[in-house]
Amino acid sequence: MTLLDDGDLAIETRGLRKTYRSVRGTSVGVEGLDLRVPVGGVHGFLGPNGSGKTTTIRMLLGLIRPDRGTAAIFGHPVPKHLPDVVGRVGAIVESPKFFPAFSARRNLSLLADGIGTPRSRVDAVIEEVGLTGRAKDKYRTYSLGMKQRLAIAATLLKDPDLLIFDEPTNGLDPAGIREVRQTMRSLADQGKTVLVSSHILAEVEQIADTVSIVARGRLVAAGRVADLIGEGASTRSVRVRVAPEDVTIATSVLETGGLLVRREHDALLVDGAGDAAQVNRTLGERGVWVQELTPLHADLESVFLGLTQHETPGGHTHRGKRRKRGGPPPEPGHAAAPAARPEPTTEVAS
Ligand SMILES: Nc1ncnc2c1ncn2[C@@H]1O[C@H](COP(=O)(O)OP(=O)(O)O)[C@@H](O)[C@H]1O
Ligand SMILES: [Mg+2]
């Protein structure tokens, strides 16, 4: 696996470790995690449930203390120097809460007042998450995707450079997932760094530039998505379908060109083809016309599953009897979390 290059890092942790102790035993939240998130782009922080993603994020935001190891945000050691950098960080860690009977605009205006951000920012962040047309409607009339986009808008009030979203697509329907994904992508395209955690690879694969994959509180892979799935590598395969009478000639043409050809049912798999167009040209020049030409992408899902599927959550050592998972209470869904009073969604806002 390609490790991320040295260079400017938005987040760097070294040997980060956190154990949770209770009367029932000790459970390992994070076990010596080295996380490197480059500046700019979307970084997917991936791992099955219980692999330590939330624990890591909470340590980064100074919400819990690591037992061991170091963490830095934009080079500032945290939690010690968090105050120096907190203004550059926006985060959604738990389900944000808004007044259901207030509009997006009014909810955000209250938050802006609370953190001393000029109200003029409110319309700008509403625009950024694409809620302008609905800004005056009551929060309770919003779809889940819109609610989550409003939560993202709240993190943008202070115009942070780094956004940390812990499983922001949890509980959303496909349309909501797409909306949130597009919002995160566009933030990264504006030059912000977005760290987004998920236990569902497919939810971030399409928008992540780089990923870190964790299992049992440890890093198991990191790198650019394209590298992890071998895209662009010369090892990429192409599936070629030609007329049955052309199979033999096609095979010999491609083999003569130095390519490795395998039969797969009625198609040919050309390994190391690199560029599909080149395969097409080589065959066309010899009068063999291609009926189908499909570049085969290694699937990040299979990389992910291969690295994590045998992992059970956490690294528990138990005292006494078997017990249920000693995790935090389940994160409430948005719909189930009507608010009595708005709380800043940016846990690090104050
Ligand atoms: N407050 C807590 N008390 C005890 N164990 C916890 C607590 N929070 C997390 N854990 C344990 O730490 C491990 C990592 O949890 P977590 O960071 O929530 O993982 P993820 O966010 O990847 O699902 C799990 O085994 C979980 O049960
Ligand atoms: Mg979590």
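About the cut-offs
- Residues numbered from 1 in each chain as written.
- Chains lettered and ligands numbered in written order.
- Predicted model: local features only at pLDDT ≥ 70, side-chain atom pairs only at ≥ 80, totals over all residues.
- Helix = DSSP H or I, 4+ residues; strand = E, 2+ residues; numbered from the N terminus.
- Buried ≥ 20, exposed ≤ 12 C-beta atoms within 10 Å, placed from the backbone.
- Axes fitted to C-alpha atoms, helices over the stretch in contact; angles between N-to-C directions.
- Parallel < 35°, antiparallel > 145°, perpendicular 65-115°, else oblique.
- Left-handed = near helix turned anticlockwise from the far one by under 90°.
- Contact = placed C-beta atoms within 7 Å.
- Nonpolar A, V, L, I, M, F, W, Y, C, P; charged D, E, K, R; others polar.
- pLDDT = per-residue confidence, 0-100.
- Pairing = 2+ DSSP bridges.
- Arc of directions from axis to C-beta.

Trainee: Even after reading the chapter, I still don't get the overall build of the protein chain, so can you show me in this structure?
Mentor: Scanning the protein chain from terminus to terminus reveals 11 helices and 15 strands. When each of the 350 residues of the protein chain is scored for burial, the buried share is 42%.

Trainee: In this structure, what is going on with the packing of helix 5 (residues 144–156) against helix 6 (residues 174–189)? I would like to understand it.
Mentor: In the contact formed by helix 5 and helix 6, the axes pass within 8 Å of each other and the chain directions differ by 25°. By the criterion of interaxial angle, the relationship of helix 5 to helix 6 is roughly parallel. In the packing of helix 5 onto helix 6, the handedness of the crossing is right-handed. Within the contact between the two elements, helix 5 uses Leu144, Gly145, Gln148, Arg149 and Ile152 and helix 6 uses Ala175, Gly176, Glu179, Val180 and Thr183. Tallied by class, the residues present in the contact of helix 5 with helix 6 amount to 4 nonpolar, 4 polar and 2 charged.

Trainee: It is not clear to me how the confidence of the model for the protein chain should be interpreted in this structure. Could you clarify?
Mentor: Per-residue confidence for the protein chain averages 82 on the pLDDT scale, and 81% of its residues sit at or above 70. Confidence drops under pLDDT 50 across residues 311–350; counting only partners more than four residues distant or on other chains, this segment forms 83 contacts.

Trainee: Quick question: what am I supposed to make of the sheet that holds strand 12 (residues 260–264) here?
Mentor: Within a sheet, each strand pairs with its neighbour through backbone hydrogen bonds, oriented either parallel or antiparallel. Ordered by their spatial adjacency, 4 strands build an open sheet running 12-13-11-14, and the pairing between neighbours is antiparallel. The open sheet has two free edges, formed respectively by strand 12 and strand 14 (290–296), since each of these has just one partner strand. Shown here is a sheet whose adjacent strand axes are inclined to one another by a mean of 25°, direction ignored. Strand direction decides the pairing type here: strand 11 (residues 237–242) and strand 13 (residues 267–271), joined by 3 bridges, are antiparallel. Across the sheet, Val238 pairs through a bridge with Val270, a residue of strand 13. Here helix 9 (residues 247–256) sits on the sheet and contacts strand 11, strand 12 and strand 13; the angle it forms with strand 13, its principal contact strand, is near 5°. Each of strand 11, strand 13 and strand 14 touches helix 10 (residues 276–285); the most contacted strand, strand 14, lies at about 155° to it.

Trainee: Help me understand unusual backbone geometry, please; the structure alone is not making it clear to me.
Mentor: What you tend to see is this: most non-glycine residues have negative phi, and most peptide bonds are trans. Along the chain, Val78 connects to Pro79 via a cis peptide bond; the corresponding omega equals 10°. Of note, Pro79 is situated in the loop between strand 5 (76–78) and helix 2 (82–85). With phi around 50°, Phe74 is a residue other than glycine that occupies positive phi space. When you line up the elements, Phe74 lands in the loop between strand 4 (68–73) and strand 5. Since 19 C-beta atoms lie within 10 Å of it, Phe74 is described here as partly exposed.

Trainee: How should the sheet that holds strand 10 (residues 218–224) be read in this particular structure?
Mentor: The strand order 6-7-8-3-9-10 describes an open sheet built from 6 strands, whose pairing is mixed. Single-partner strands in this sheet number two, and they are strand 6 (89–92) and strand 10. Strand-to-strand twist in this sheet, taken as the mean axis angle between neighbours without regard to direction, amounts to 15°. Pairing between strand 6 and strand 7 (residues 162–166): 4 bridges, direction parallel. By the bridge assignment for strand 7, Ile92 is matched with Phe165. Those strands touched by helix 1 (residues 53–60) are strand 3 (41–46), strand 7, strand 8 (193–198) and strand 9 (210–215), and its axis lies near 145° from that of strand 7. Strands strand 6 and strand 7 of the sheet are contacted by helix 5, whose axis makes an angle of about 155° with strand 6.

Trainee: Where do I start with helix 3 (residues 104–114) in this structure?
Mentor: Listing the buried residues of helix 3 in full gives Ala104, Asn107, Leu108 and Leu111. Down the axis of helix 3, the buried side of the element spans an arc of 90°, and every buried residue falls inside it. Those residues of helix 3 hidden inside the fold are in contact with helix 4 (120–128) and helix 5. Looking one or two places after helix 3, you find Gly116, whose phi comes out positive at around 70°.

Trainee: Looking at this structure, I do not really get the environment of Gly50. What am I missing?
Mentor: By the element assignment, Gly50 lies in the loop between strand 3 and helix 1. Taking the number of C-beta atoms within 10 Å as the measure of exposure, Gly50 has 22 and is therefore buried.

Trainee: Sorry if this is basic, but what is going on with the packing of helix 3 against helix 4 here?
Mentor: When two helices pack together, their arrangement is given by the angle between the helix axes and the distance between those axes. The contact between helix 3 and helix 4 brings their axes to 9 Å, and the two run at 130°. Relative to helix 4, the element helix 3 lies oblique. Considering how the two elements wind past one another, helix 3 and helix 4 form a crossing that is right-handed. Note on element contacts: helix 4 touches helix 3 through Arg121, Val122, Val125 and Ile126, opposite Ala104, Arg105, Leu108, Ser109 and Ala112. The residue inventory of the contact of helix 3 with helix 4, partitioned by class, reads 6 nonpolar, 1 polar and 2 charged.

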